[in-house]
Amino acid sequence: MSLLLRNRGAMLLLMLNIFLAFTGIGLVVPIMPTYMNELHMSGRIVGLLVAAFSLTQLLISPFAGRLSDSIGRKKVIVAGLIIFSFSELLFGLANASWLLFASRMLGGIGAALIMPAVMAYTADTTTVEERAKGMGYINAAITTGFIIGPGLGGYIAEFGIRIPFFFAAAAATVAALLTIVILPESLTVEQRKEVQSSAGNKESLVTQLVRSYREPYFLGLVIVFVLSFGLANYETVFGLFVDHKFGFTPKDIAFVITFGSIAGAVVQVTFFGWILNRFGENKVISSCLMIAGLFILLTLFVNSFWAIIVVTFIVFFATDILRPAVSTQLSKMAGEKQGFVAGMNSAYTSLGNIAGPVIAGYLFDLNINYPYMAAALVLGLCCVLSLGSGRKRLRQQG
């Protein structure tokens, strides 16, 4: 019997936890234009608001990865869920932009604790052969969270734009309680003691980022950064773009995002493992980067509701395969440092998610088309980088 099958209950609970976290993140997408109008915020403020989440995620992620290696995954996941629950409650109660910033920064801390620990737990409880399938399940939960989040935000917002956040806070609290009662710890006491004695675990964030330059997985982390930067440009202003250009309501925005993400989630839980085993991580990553960049650019040339749905569908489909492919590639190169590398993965993601929204908000105020042009360019460059990485790896193997 495979490890993945034996740990099915734990995997389901991990999927629930990461699903709730990303549902809460996704709630903001269709509601943000309404908040923008009510609180008189510019595109730059919206970009900074998104970046604030990623800034705290960046600062906490490496620490969270080390912490999950030393004290165990379970405690870190529970702490992240509790903080995340409070952040959602605060966002629902906020009546000023500074409270929104405080909420999103707390949300970033919660996500930074949850995500590396969940990824590392998955690596702990799967074999190398099962790793792609396990990561596919976790990323399917992330994708589904993004699907359900905007859907809840868009549809429930018709009864009050704050109600979805109260629901997310309650759900995260329930998930924390379930995790305390049900989820077993994946690391033994001996494994935790061994990690605690490692000198690398005492390094600062800056030292870890500098040291990652010399690691064999560094190029993968660079791709994570560039990918996050490009996608953040696209995702940050998507709701604002269709609101300003086509007059979309929160319900319309929720429908487009939901429809565009479903296929990616289906693939992740069914064919993702086979796709990676058949074509390899590098080919999948390069192909998805090319497709995502091309169709983000095409978004500028469509002018009907259904055309936007088709283009967005393909963008989300490509990126929903791309994320777990990159995570799987890094996980296979991590060896015994699963928590550390998962933390670095989250840190580089946060760096891209900080720079992307700030630049996207600034470009949006200049011209609503500029963020998408920048995103397409960056993803195209990332594709070239990925192809070069693949050729280098082949030469080393030869």
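The following paragraphs examine the structure supplied in this document. (Residues numbered from 1 in each chain as written. Predicted model: local features only at pLDDT ≥ 70, side-chain atom pairs only at ≥ 80, totals over all residues. Heavy atoms only, no water.)

**Observations concerning the side chain of S103**
The criterion, for reference: Going along the chain from the N terminus, every DSSP run of H or I of four or more residues is numbered as a helix, and every run of E of two or more is numbered as a strand. The criterion used for residue contact is that any of the two residues' heavy atoms lie within 4.5 Å.
Secondary-structure assignment places S103 in helix α5 (residues 97-124). The contact partners of S103, leaving out residues within four places of it in the chain, are S87, L90 and F91.

**Considerations on the packing of helix α3 (residues 43-71) against α5**
Put simply, the test is: In this analysis, axes come from line fits to C-alpha atoms, helices being fitted only over the stretch in contact, and the angle between any two N-to-C directions falls in the range 0 to 180 degrees. In a left-handed crossing the near helix is turned counterclockwise from the far helix by less than a right angle, and in a right-handed crossing that turn is clockwise.
Following both chains from N to C, one finds α3 and α5 inclined at 35 degrees, their axes separated by 7 Å at the closest point. The way α3 lies across α5 gives a crossing that is right-handed.

**Examining a nonpolar patch on the surface**
Selection rule: Only residues above 30% relative accessible area that lack a salt bridge enter a patch, with like-charged residues linked at up to 9 Å and the nonpolar side chains Val, Leu, Ile, Met, Phe, Trp and Tyr linked at up to 5 Å. Every accessible area reported is derived by Shrake-Rupley at a probe size of 1.4 Å, with residue values counting cover from the shown protein chains alone. Take a side-chain nitrogen of Lys or Arg and a carboxyl oxygen of Asp or Glu: if they are within 4 Å of each other, that pair is a salt bridge. Three labels apply to residues, based on accessible area from a 1.4 Å probe with only protein chains included: buried if under 20% of the type maximum, exposed if over 50%, partly exposed otherwise in between.
On the surface, a nonpolar cluster with roughly 780 Å² of combined accessible area is contributed by L294, L297, L298, F301, Y362, L366, Y370 and M373. Its place among the elements puts L294 in helix α14 (residues 281-298). Looking at L294, the relative accessible area reads 47%, which means it is partly exposed.

**Quick word on the packing of aromatic side chains**
Quick note on the threshold: Pairing of aromatic rings covers Phe, Tyr and Trp, the last counted by its six-membered ring, and requires centre-to-centre distances within 6.5 Å; plane angles under 30 degrees mean stacked, over 60 mean edge-to-face, and any other angle means tilted. Put simply, a charge is over a ring when the Lys NZ or the Arg CZ is close to the ring centre, within 6 Å, and near the line of the ring normal, within 35 degrees.
The final tally for this structure, using the stated rule, is 1 aromatic pair. Note on F91 and F165: the rings are 4.6 Å apart at their centroids and 40 degrees apart in plane angle, and the pair reads as tilted. A residue pair is termed long-range when its members are at least 10 positions apart, and F91 in helix α4 (residues 73-93) and F165 in helix α7 (residues 163-182) qualify at 74 residues. This pair shows no difference in class: F91 is buried, exactly as F165 is. Positioned above the aromatic ring of F279 is the side chain of R278, whose terminal nitrogen or guanidinium carbon lies 5.0 Å from the ring centre.

**Side note on helix α13 (residues 272-279)**
Applicable threshold: In this description, one arc is meant: the one made by directions from the helix axis to the C-beta atoms.
Among all positions of α13, only F272, G273, I275 and L276 are buried. Down the axis of α13, the buried side of the element spans an arc of 165 degrees, and every buried residue falls inside it. Among the exposed residues of α13, those pointing more than 90 degrees away from its buried face are W274, N277 and R278. Looking one or two residues past α13, G280 carries a phi angle of roughly 90 degrees, positive in sign.

**What to know about the packing of α13 against α14**
Short version of the rule: By definition in this entry, angles of less than 35 degrees are roughly parallel, angles greater than 145 are roughly antiparallel, angles of 65 to 115 are roughly perpendicular, and the rest are oblique.
Put simply, α13 and α14 touch, their axes get as near as 6 Å, and they point 110 degrees apart. Put simply, α13 runs roughly perpendicular to α14. Mapping the contact onto sequence places I275, L276 and F279 in α13 and E281, K283 and V284 in α14.

**Considerations on the environment of M32**
On the secondary structure map, M32 appears in helix α2 (residues 8-38). The class for M32 is buried, based on a relative accessible area of 6%. For the pair formed by M32 and I161, sequence separation is 129 residues and the distance between their alpha carbons is 9.7 Å. Those residues within four positions of M32 in sequence are excluded, and the remaining contacts are M41, V46 and L49.

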